Amino acid sequence: MRTLNEAKIGQTVKVVKLHGEGALKRRIMDMGITRGIEIKIRKVAPLGDPIELTVRGYELTLRKADAQTIEIE
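Residues numbered from 1 in each chain as written. Predicted model: local features only at pLDDT ≥ 70, side-chain atom pairs only at ≥ 80, totals over all residues. Heavy atoms only, no water.

## Digging into the sheet that holds strand β4 (residues 51-55)
The criterion, for reference: A pair of strands is labelled paired if DSSP reports no fewer than 2 bridges between them. Secondary structure follows DSSP: runs of H or I at least 4 residues long count as helices, runs of E at least 2 residues long count as strands, and numbering of each begins at the N terminus.
A sheet is described by the order of its strands in space; here six strands give the open sequence β1-β6-β2-β3-β4-β5, paired in antiparallel fashion. Whereas interior strands pair on both sides, the edge strands pair on one side only; in this sheet they are β1 (2-3) and β5 (58-62). In this structure, strand β2 (residues 12-18) lies alongside strand β3 (residues 38-44), joined through three bridges in antiparallel fashion. Note on β3: the bridge partner recorded for threonine 12 is lysine 40.

Next up, the structure:
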């Protein structure tokens, strides 16, 4: 199982599954990250947190802890 925080800069990945429960999962889905969507990794902060993504045509910044709950292929 690979998670979003393991993806490299410039890589485009596909979401397989969202882990986590309750408010965290709902918040991630409200940001447009759902199963089957493609995400491009734009930048990673110098210390690795946060991660800047392109999702559905807009930029999104996600904490590393939240990115660990998103399974990718």
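Now that the structure has been shown, the text picks up again.
## Section: the pattern of salt bridges
What counts, and what does not: Salt bridges are identified by distance alone: a Lys or Arg side-chain nitrogen within 4 Å of an Asp or Glu carboxyl oxygen.
Considering all chains together, one arrives at five salt bridges under this definition. Taking the shortest distance from any N to any O, the salt bridge between arginine 63 and aspartate 66 comes out at 3.3 Å. When salt bridges that share partners are traced, they join Arg27, Arg63 and Asp66 into one network.

## Re the nonpolar core
Filter applied, for reference: Here, the term nonpolar core denotes a set of buried Ala, Val, Leu, Ile, Met, Phe, Trp, Tyr and Cys residues that are joined through side-chain atoms within 4.5 Å. Accessibility here uses a 1.4 Å probe with only protein chains present; expressed as a share of the type maximum, an area under 20% marks a residue as buried, one over 50% as exposed, and anything in between as partly exposed. Note on contacts: a residue pair is in contact if any heavy atoms of the two residues lie within 4.5 Å.
Counting 19 residues, the largest nonpolar core has Leu4, Ile33, Ile39, Leu53, Leu62 and Ile70 as the members making the most contacts within it. Listed by contribution, the elements that provide at least two residues to this core are β2, β3, β4, β5 and β6 (70-72). In contact with leucine 4, other than residues within four places in its own chain, are Val13, Ile39, Ile41, Leu53, Leu62, Ala67, Ile70 and Ile72.

## With respect to the side chain of glutamate 52
Within the secondary structure layout, glutamate 52 lies in strand β4. If near-sequence neighbours (up to four positions away) are discounted, glutamate 52 is found in contact with Lys40, Ile41, Arg42, Lys43, Glu59, Leu60 and Thr61.

## Looking at the side chain of threonine 69
Stated formally: Distance and chemistry together define a polar contact, namely a pair of N or O atoms within 3.5 Å, with one atom able to donate a hydrogen and the other to accept it when in protein, and with adjacent residues in sequence counting only for side-chain atoms on both sides.
Position of threonine 69 among the secondary structure elements: in the loop between α2 (64-67) and β6. There is a polar contact of 2.6 Å between the side chain of threonine 69 and the backbone oxygen of aspartate 66. Dropping the residues within four chain positions of it, threonine 69 is found in contact with Lys17, Leu18, His19, Leu24 and Ile28.

## Some remarks on unusual backbone geometry
Along the chain, aspartate 49 connects to proline 50 via a cis peptide bond; the corresponding omega equals 5 degrees. Inspection of the secondary structure puts proline 50 in the loop between β3 and β4. Residues other than glycine seldom take positive phi values, yet arginine 56 does so here, at roughly 50 degrees. Of note, arginine 56 is situated in the loop between β4 and β5. Overall, the relative accessible area of 52% leaves arginine 56 in the exposed class.

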